[in-house]
Amino acid sequence: MNLNHLIKISDYEWEIPRSYRKDMRVPVRIFASRELLEQVSEDKSLEQAVNATTLPGLVGYVIVMPDVHQGYGFPIGGVAATEYPHGVVSPGAIGYDINCGVRLLASGIPYEAAKPKMDTLATLLYKYCPSGVGSEGVVRVSKEELEHVLRQGSHWALKKGYAAADDIRRTEENGRLAEAAPEQVSERAKQRGREQIGSLGAGNHFIEVDVIEEIFDEQAASTMGLVQGNLAVQIHCGSRGLGHQVCTDYVQSFQSAVKRYGIELPDRELVCAPMDSPEGQAYLGAMRAAANFAFANRQLLAYAARQAFEEAFAQNFKHGWQLTQVYDITHNMGKIETHVIEGRSVKVCVHRKGATRAFGPGTPELPEEYRSIGQPVIIPGSMGTASWVLVGTADSMARSFGSTCHGAGRVMSRAKAKKEVRGELLRNELEHRGIAVRAGSMPGLAEEAPQAYKDVDVVVETVSAVGIARKVARLRPVAIIKG
Amino acid sequence: MPFREVPHTADWALQVWASDLPGLFREAALGMNALAGMQLSEGPRLSRSFHTESPDAESLLVVFLTELIYYAEQEHLGFDQFAIRFEETPNVMRFQVEMSGAPLERINKVIKAVTYHNLAIRSSEDGLNVTIVFDV
């Protein structure tokens, strides 16, 4: 997109006005530095954001985060809110990997003391946390059991002994979306889910052990149990084949729904249905069930990671090897929330696709200990680079529907990354830098090379400068597990 | 080969061309297999059939390729030979395929989904072409 069409609001905020295209229902607001904006303009992200503004029932703006990149239909790194209940819900604006998210666990183990054991730890994590193409999970559930997973999410894991009560409290939505409707999930989706629950999968999903390198907000870090120099673990994955199938099923069935409701869209991947229609209600119920599956999935992987930590460290460290949950966030989701828009309180469905909920201090949805500091936000960087812990702010509530960025954001195609990077060399380079790597696929590793992504530090500086998140801690990777 | 990968920042895009619709669907399936790094075992061959209907050919293409993803993921089967038939009435297109394949020897990549993003089968002097974006 030609950047001359944009209106500069500030050094970090830009607008594509409604006058840009006749079918736009709301403007687009972009949070980016000039440098990031120029990078973004090289792919189709901004055109996709303009297409997203045609969804019926939108309020405010379509928001574009600094880590945005081209997706399919809706840009990755986009946020859009549609008024409840007459506005639409769009499966493609939430994504195929429903409730893809990140969980952060903190340990009391100093990295320097654990260093000799890092290779062992990486091997144990790879052993206990199933990963890779077609991987099957740490448990196999019956048909009946899966119904409980879809309704109860992480609470199912708690009942089965795979979770601690604090894990549940420190999970977005307490690890369970109400009004999930397993009966709206196809048998095919359930079949895929039964075999894959408790597995990492492949692609950009990972488990990473980090050292907490730098603290920016002592009070917030201390509240979260983050201590400089100690180890922490991130788990990044979603709803696996079950979620992919739910989205596929509803993108397919909504192809005819848009015709029934007379909705015209510039891209068939944006198909949608009014939330108060039978089609919209069915998708919301199925999407919530898939989200609950993803909460349970990350919980099972956390259970497996705890086993690995126990085996690696329990003999040498009397205390501190137990992993405590900092928070679990989702970055592909549609949720009914209430936000103040142009001075009025409005109930909306916030579509976050590659964007993280970032509720500010005082939000009642947060666990009590986090209400004074704001919601923890986990921003994984690209492989081998830093990751960040942030908190939501009053500004994120006021300006971005309580949302912020979700990662570094790609800049290079997978095909180009594979041409430019050899997986084996990349692994050697990472190992040389003291990062233990366990990966099932070398081409897969190459696709996720750091040069294929933006600089996560620049992305975080941007959301921090805009005010839609505040920095708490910077993490450095010391072990990476990928499928 | 009558397909090639085209650049896409985050996902995969595949451009496919053929002289007719059955050929386009066949090449799309083979192109998707190639993108996923699929290799079939040399064991006994097996066959499956599949039929569906839809108002347009693009929807049929999405459903067909989605079916192949499902077979690969759930039954660890891949297919490399396709006998495809279409039947067209004023309001609906019917699609039927007899597929021949084998158990997977290996597959390198997970394809999450076949998307409708800018999906349009176009005619040209050389026949038909389409660009398909996959979520990976």
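Residues numbered from 1 in each chain as written. Chains lettered and ligands numbered in written order. Predicted model: local features only at pLDDT ≥ 70, side-chain atom pairs only at ≥ 80, totals over all residues. Heavy atoms only, no water.

Visitor: Explanation requested: the packing of aromatic side chains in the structure shown.
Guide: Aromatic ring pairs are reported here in terms of the distance separating the ring centres and the angle at which the planes meet. Evaluated as defined, the whole model comprises 19 aromatic pairs over all chains. Between Phe 25 of chain B and Phe 64 of chain B the ring centres are 6.0 Å apart and the planes differ by 20°, which places this aromatic pair in the stacked class. With Phe 25 of chain B in helix 1 (residues 21-35) and Phe 64 of chain B in helix 2 (residues 57-74), this residue pair connects regions lying 39 residues apart in the sequence. Seen in terms of ring centroids, Phe 50 of chain B and Phe 95 of chain B are 6.2 Å apart; in terms of plane orientation they differ by 65°. Their pairing is edge-to-face. Of the two residues, Phe 50 of chain B is situated in strand 4 (residues 46-54) and Phe 95 of chain B in strand 6 (residues 93-106); the sequence distance between them amounts to 45 residues. When sorted by exposure, Phe 50 of chain B lands in the same class as Phe 95 of chain B, which is buried. Three or more aromatic residues link up through ring pairs in this structure, and these residues are Phe 25, Phe 50, Phe 64, Phe 82, Phe 86 and Phe 95 of chain B. The positively charged end of Arg 188 of chain A is found above the aromatic ring belonging to Tyr 70 of chain B, 3.6 Å away from the centroid. In this structure, Arg 357 of chain A packs its charged tip against the face of Phe 359 of chain A, placed 4.3 Å from the ring centre. (Phe/Tyr/Trp six-rings, centres within 6.5 Å; stacked < 30°, edge-to-face > 60°. Helix = DSSP H or I, 4+ residues; strand = E, 2+ residues; numbered from the N terminus. Buried < 20%, exposed > 50% of the residue type's maximum accessible area, 1.4 Å probe, protein only. Lys NZ or Arg CZ within 6 Å of the ring centre and 35° of its normal.)

Visitor: So what exactly am I meant to see when it comes to unusual backbone geometry here?
Guide: A cis amide bond links Tyr 84 of chain A to the next residue, Pro 85 of chain A, at an omega of 10°. If you check the backbone angles, Phe 401 of chain A has positive phi at about 50° while not being a glycine. With respect to the secondary-structure elements, Phe 401 of chain A resides in the loop between helix 12 (394-399) and strand 17 (403-404). Positive phi values are uncommon outside glycine, yet His 76 of chain B reaches one of about 55°. Mapped onto the fold, His 76 of chain B is located in the loop between helix 2 and strand 5 (77-88).

Visitor: In this structure, what is going on with the interface of chain B and chain A? I would like to understand it.
Guide: Interface size, as often reported, equals the accessible area lost upon joining of the parts. Contact residues are listed per partner, giving 32 residues for chain B and 37 residues for chain A. With both chains or domains summed, chain B and chain A bury close to 3,100 Å², and 49% of this area falls on carbon and sulfur atoms. For the pair chain B and chain A, the interface holds five salt bridges. Of the charged contacts, one joins Glu 447 of chain A and Lys 109 of chain B as a salt bridge, the two residues approaching to 2.8 Å between their closest N and O atoms. For the interface between chain B and chain A, the tally reads 16 residue pairs in polar contact (both at pLDDT 80 or more). Listed by contribution, the elements that provide at least two residues to the side of chain B that touches chain A are helix 2, strand 7 (113-114) and strand 9 (127-135) of chain B. (Contact = heavy atoms within 4.5 Å. Buried area = accessible area lost by both parts, 1.4 Å probe. Salt bridge = Lys/Arg side-chain N within 4 Å of Asp/Glu carboxyl O. Polar contact = N/O pair within 3.5 Å; in protein donor to acceptor, adjacent residues only side chain to side chain.)

Visitor: Would you explain the packing of helix 8 (residues 187-196) of chain A against helix 10 (residues 240-260) of chain A in this entry?
Guide: The relative placement of two packed helices comes down to the angle between their axes together with the axis-to-axis distance. Residues and elements named next belong to chain A. Contact geometry for helix 8 and helix 10: axes closest at 6 Å, N-to-C directions at 165°. Between helix 8 and helix 10, the crossing angle belongs to the class labelled roughly antiparallel. Helix-helix and strand crossings are classified by hand; for helix 8 and helix 10 the assignment is left-handed. The residues of helix 10 that touch helix 8, namely those facing Arg 188, Ala 189, Lys 190, Arg 192, Gly 193 and Gln 196, are Arg 240, Gly 241, Leu 242, His 244, Gln 245 and Val 246. A breakdown of the residues in the contact of helix 8 with helix 10 according to their chemical character gives three nonpolar, five polar and four charged. (Axes fitted to C-alpha atoms, helices over the stretch in contact; angles between N-to-C directions. Parallel < 35°, antiparallel > 145°, perpendicular 65-115°, else oblique. Left-handed = near helix turned anticlockwise from the far one by under 90°. Nonpolar A, V, L, I, M, F, W, Y, C, P; charged D, E, K, R; others polar.)

Visitor: What am I meant to see in the nonpolar core here?
Guide: With 118 residues, the main nonpolar core has Ile 30 and Val 246 of chain A together with Phe 64, Leu 65, Ile 132 and Phe 134 of chain B as its most contacted residues. Ranked by residue count, the leading element in this core is helix 11 (residues 278-313) of chain A, at 12 residues. Apart from residues no more than four positions distant in its own chain, Leu 65 of chain B is found in contact with Ala 28, Ala 29, Met 32, Val 114, Ile 132 and Phe 134 of chain B. The next biggest cluster of nonpolar side chains, apart from the first, holds 33 residues, and it includes Leu 200, Cys 237, Ala 302 and Ala 304 of chain A. (Core = buried A, V, L, I, M, F, W, Y, C linked by side-chain atoms within 4.5 Å.)

Visitor: What's the story with the pairing of strand 1 (residues 3-6) of chain B in this structure? I'm lost.
Guide: Regular strands place their side chains on alternate faces of the sheet. Residues and elements named next belong to chain B. Two strands pair when backbone bridges link them, and strand 1 and strand 2 (residues 12-18) are joined in this way by four bridges, in the antiparallel orientation. Considered in strand 2, the bridge of Val 6 is made with Ala 13. The loop that links strand 1 with its antiparallel partner strand 2 comprises five residues. (Pairing = 2+ DSSP bridges.)

Visitor: Quick question: what am I supposed to make of the environment of Ser 403 of chain A here?
Guide: Residues and elements named next belong to chain A. The residue Ser 403 is located in strand 17 in this model. Take Ser 403: its relative accessible area is 0%, and that puts it in the buried class. Sequence spacing of Ser 403 and Thr 393 is 10 residues, and the spatial spacing of their C-alpha atoms is 9.4 Å. Excluding anything up to four places from it in sequence, Ser 403 contacts Met 65, Val 79, Val 350, Arg 352, Thr 356, Arg 357, Ala 358, Ser 396 and Ile 468. Here Arg 352 takes part through its side chain, which lies 2.8 Å from a polar atom of the side chain of Ser 403.

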